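What follows is each chain in one-letter form.
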Amino acid sequence: MSGDKTVLVVGGGGREHALAWALSRSPQVAQVYVAPGNAGTAWPAVPNSEGLAPRAASTNVPIQPQQFDALIDFAQRNYVDLNIIGPERPLANGIVDAFQQAGLAAFGPTQAAAQIEASKAFAKDFMRQRGIPTAEYGSFSDPAEAKHFIRDFGRPVVVKASGLAAGKGVLIANTTERAMMAVDQMLEHSAFGAAGATIVVEERLIGPELSLLAFSDGHSIAPLPPARDHKRAYDGDQGPNTGGMGAYAPVSDVSAELIAQIVETILQPAVDGMAEHGRPYTGILYAGLMLTQTGPKTLEFNCRFGDPEAQVLLPLLASDPFDVMLACTKGTLDQIDVQWQDKASAIVVMASPGYPGSYPKGMPISGLDAASTHPDLLVFQAGTALDDQGQLVTDGGRVLGLSAVCDTLNDALEKIYSHIELIQFEGRQFRSDIGRQRPYLAMDLTPSGMGYAQAGVDIEAGNEAVRMMKKAIQRTYSPQVLSGVGHFGGLFDAALLAKMDQPVLVASTDGVGTKTMVAAKLDRWDTIGQDLVNHCINDILVQGARPLFFLDYVASSKLNPEQMAQIVGGMAAACQAAHCAILGGETAEMPGVYQSGQVDLVGTIIGAVDRAQVITGETIQPGDLLIGLPSSGLHTNGYSLARLALKELDWNEPRADLHDQSIGDALLAIHTSYLEPVSRLLDAGLEVKGLAHITGGGLIDNLPRILPKGCTAQIDTESWARPPIFDLIRQQGGINEAELWRVFNMGTGMVVELSPESLEEASKRVDESYLIGEIVKGDQQVILE
């Protein structure tokens, strides 16, 4: 027999989906409303449903959490018996106060009590006053004071934005330099906006983390099972912090005695202290803890259910959630014996490509129905929506979570990971190690004696570089990419090669030479990554191959994360333009190998071509024509000579002899990719007999590489206008013409060999091309006229 109670859940994420699901299963609840909800929080009533399926109906309400008046009006008009506030921001803004003033029962803390999360500075001061164990700390709004504290502290610290930053306002610093950078990011550059106007710098605690939540009615508390979430974006707890990529409960390494200790020393003192401060705390109190060698210490308090902890804890609740939450609002929690199932629960979050940075929306999602039919599985949606055609699409960073409830944690994880491939959307990312508990180093990480940092290697800088470049890399991904940033090896689905009769893989490895020294002199790093990719693309294009994926190697004497992110961002831009994925790479810090400020850059590209379409040059014969495609300048060769010739000149001022371009701009002009114009020729069915990428050695050394015996290339050097940078190099360096032609491409970066019958059509297809010469009889040489 169904009940007659009505519940309103405020929020629209995975946590709110779990709350709506849990309340719908209460025998007292007939209707759940979710404001605004998501694509997964609306369903019809199924009173006699079995397994984990919801029972009472759930309906989405198009009201946002910050619209207090509209929410109160809705609750009053629909006779809502219990209002449950999910997100922290409306709690911090006083939504519970507003509901209480309207005479409505609201589960959650008042605005004054919610400061325990909304202000980390308040929370730390409160913990110190109440003797609640926590890390040593200082609160600052002045960057100089924060840096002075860090220098005096002398140990690894964590820098936190004091305000609400969606779980991402925490930067872990192993070195003083990284901590100083974090201070600048928050206080000088407003990385977290108003939330970071005040920061907390605290001792970095070592040990396994733990989440212990408790229901509270302002005086009594009832603890939930211990849970553990995974904040870092990538496997092995690597990468940037997120809102949470997965969680599990209970936690096997936490005993009943330890839980009792945490309740006695942390949770109950917090509730008692808030009451004595005139801020009685009701709702759910979340303690984020570190289990150190000296006992549990508090990392933070949250004023609401965690996300995704709610999705693993609520399915374990055996008591009626309506009774428990209503008792919290009435001060009668001590009259309820809150019971929990003797089972285990886990969740794996599936996120959009680019998360926790920027990410696309509107990507179709498939497979939810198949996953949801399993009796032990739950799908909690978060960043989802329905498009105009009713298709389920992505609408946020954390899209959904796949959860399981089983007798053991291993069973739950096996259920999740054996079914997660059912759910598909483009670029999806998820961790593959949720719940895989690993040993923690129970040691002091305070730098002392000799270590990697003393050897000149900053591990934290490497991690930061990966975090900053990840978003750009993921923009290059296609459905064929099966592994993300941080995996040991890149996986690429080669099924598309089945469209070819005899697929041939073509590979090339190259660098950009001392063009990196020009970038260093000008401190401009956004172009050389594009140079590298385009150079490699051209190298495989000459054999008719189109690119599939690219791998990079970037090394320096000392890693600068922003510099590396710019370089790899340039690679990503070039790869994206070529529909080529960055499948893997290596970023290396090698003090002693490279001089200060030096950067080395190498790339490997893999492409494919049908064997019948491989361009070999074997059919070239006397009488064929040579078509030139223009270069942007030096491309990636001849920079040692160019730097020497131009070293006495100003590289930043515009020059009339360079058409108002500076020397720096001319030297850093991006290496042209010829993929698009050459593809136009190939796709038109023209017989391209040969292609020569004009790199180091110029026309003189590169054209003979494709000429068959009996053929020589005769070039009219006045048939095109060469970029003025070459004349400036010649004049300033006193270099003779013959040397210029032997070193530089002289304005022609690719040469196409065609029969005379194809010239007119080629000119139509590629209007930037020009006739530069012809093939004559000879012995594989180049004649410049």
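The sections below set out a description of the structure shown in this document.

1. Things to note about the pairing of strand 24 (residues 546-556)
The buried fraction of strand 24 amounts to eight of the 11 residues, a majority that puts the element mostly inside the structure. The sheet contact formed by strand 24 and strand 26 (residues 599-610) spans 10 bridges and is antiparallel. Paired with Arg-546 across the bridge in strand 26 is Ala-608. The sheet contact formed by strand 24 and strand 25 (residues 581-589) spans eight bridges and is parallel. Within strand 25, the residue paired with Phe-550 across the bridge is Ile-582. With helix 17 (residues 561-577) bridging strand 24 and the parallel strand 25, this β-α-β connection has right-handed handedness.

2. A word on the sheet that holds strand 15 (residues 246-249)
A sheet is described by the order of its strands in space; here five strands give the open sequence 12-15-18-22-19, paired in antiparallel fashion. Here the strands that pair on one side only, and so sit at the sheet edges, are strand 12 (228-229) and strand 19 (377-381). The pairing of strand 18 (residues 344-351) with strand 22 (residues 398-406) spans eight bridges and is classified as antiparallel. Within strand 22, the position partnered with Ser-345 by the bridge is Val-405. Set on the sheet, helix 13 (residues 409-419) makes contact with strand 15, strand 18, strand 19 and strand 22; between it and strand 18 the angle comes to about 30 degrees.

3. Describing the packing of helix 6 (residues 120-130) against helix 9 (residues 256-276)
When two helices pack together, their arrangement is given by the angle between their axes and by how far apart the axes lie. Where helix 6 contacts helix 9, the two axes come as close as 11 Å, and the packing angle between them is 100 degrees. Relative to helix 9, the element helix 6 lies roughly perpendicular. For the pair helix 6 and helix 9, the contacting residues are Phe-122, Phe-126 and Arg-130 in the first and Pro-269, Ala-270, Gly-273, Met-274 and Glu-276 in the second. Residues of the contact of helix 6 with helix 9, tallied by class, amount to five nonpolar, one polar and two charged.

4. Overview of the sheet that holds strand 11 (residues 221-223)
In spatial order, the strands read 11-10-16-17; together these four strands make up an open sheet with antiparallel pairing. Either end of the sheet is taken by a strand with one partner, and the two such strands are strand 11 and strand 17 (295-302). Pairwise comparison of adjacent strand axes, ignoring direction, gives a mean angle of 30 degrees for this sheet.

5. Description of the environment of Leu-784
One can find Leu-784 in strand 34 (residues 782-784). It is 6.3 Å that separates the C-alpha atoms of Leu-784 and Asp-716, two residues lying 68 residues apart in sequence. In contact with Leu-784, not counting residues within four places along its chain, are Ile-700, Ile-715, Thr-717 and Trp-741.

6. Let's talk about the packing of aromatic side chains
We describe a pair of aromatic rings using the distance from one ring centre to the other and the angle between the two ring planes. Applying the stated rule across the entire model yields 11 aromatic pairs. Measuring from centroid to centroid gives 5.3 Å for Phe-140 and Phe-149, while their planes differ by 50 degrees, and the two rings are tilted. By relative accessible area, Phe-140 is classed as buried at 10%. Both rings, one in Trp-720 and one in Tyr-770, keep their centres 6.0 Å apart while their planes meet at 25 degrees; by these two values the pair is stacked. Here Trp-720, found in the loop between strand 31 (711-715) and helix 22 (724-733), pairs with Tyr-770, found in strand 33 (residues 770-777); they are 50 residues apart in sequence, far enough to count as distant. Each member of the pair, Trp-720 together with Tyr-770, is buried. Ring pairs connect the aromatic residues Phe-107, Phe-215 and Phe-305, which therefore count as one cluster. Seen from the ring of Phe-153, Arg-155 lies directly overhead, with NZ or CZ sitting 4.2 Å from the centre.

7. Some points on the side chain of Thr-695
Residue placement: Thr-695 occurs in the loop between strand 30 (690-693) and helix 21 (698-702). A relative accessible area of 10% places Thr-695 in the buried class. Only 3.3 Å separates the side chain of Thr-695 from the side chain of Asn-702, close enough to count as a polar contact. For Thr-695, the contacting residues outside a window of four places in its chain are His-535, Asn-637, Asn-702, Arg-705 and Val-743.

8. Observations regarding the side chain of Glu-117
Its location among the elements puts Glu-117 in helix 5 (residues 111-118). At 2.6 Å, the side chain of Glu-117 forms a polar contact with the side chain of Arg-304. Excluding residues that lie within four positions of it along the chain, Glu-117 makes contacts with Glu-88, Ser-162, Leu-164, Phe-301, Asn-302, Cys-303 and Arg-304.

Cut-off values and rules
Residues numbered from 1 in each chain as written. Predicted model: local features only at pLDDT ≥ 70, side-chain atom pairs only at ≥ 80, totals over all residues. Heavy atoms only, no water. Buried < 20%, exposed > 50% of the residue type's maximum accessible area, 1.4 Å probe, protein only. Helix = DSSP H or I, 4+ residues; strand = E, 2+ residues; numbered from the N terminus. Pairing = 2+ DSSP bridges. Right-handed = clockwise from strand over helix to strand, strands pointing away. Contact = heavy atoms within 4.5 Å. Axes fitted to C-alpha atoms, helices over the stretch in contact; angles between N-to-C directions. Parallel < 35°, antiparallel > 145°, perpendicular 65-115°, else oblique. Nonpolar A, V, L, I, M, F, W, Y, C, P; charged D, E, K, R; others polar. Phe/Tyr/Trp six-rings, centres within 6.5 Å; stacked < 30°, edge-to-face > 60°. Lys NZ or Arg CZ within 6 Å of the ring centre and 35° of its normal. Polar contact = N/O pair within 3.5 Å; in protein donor to acceptor, adjacent residues only side chain to side chain.

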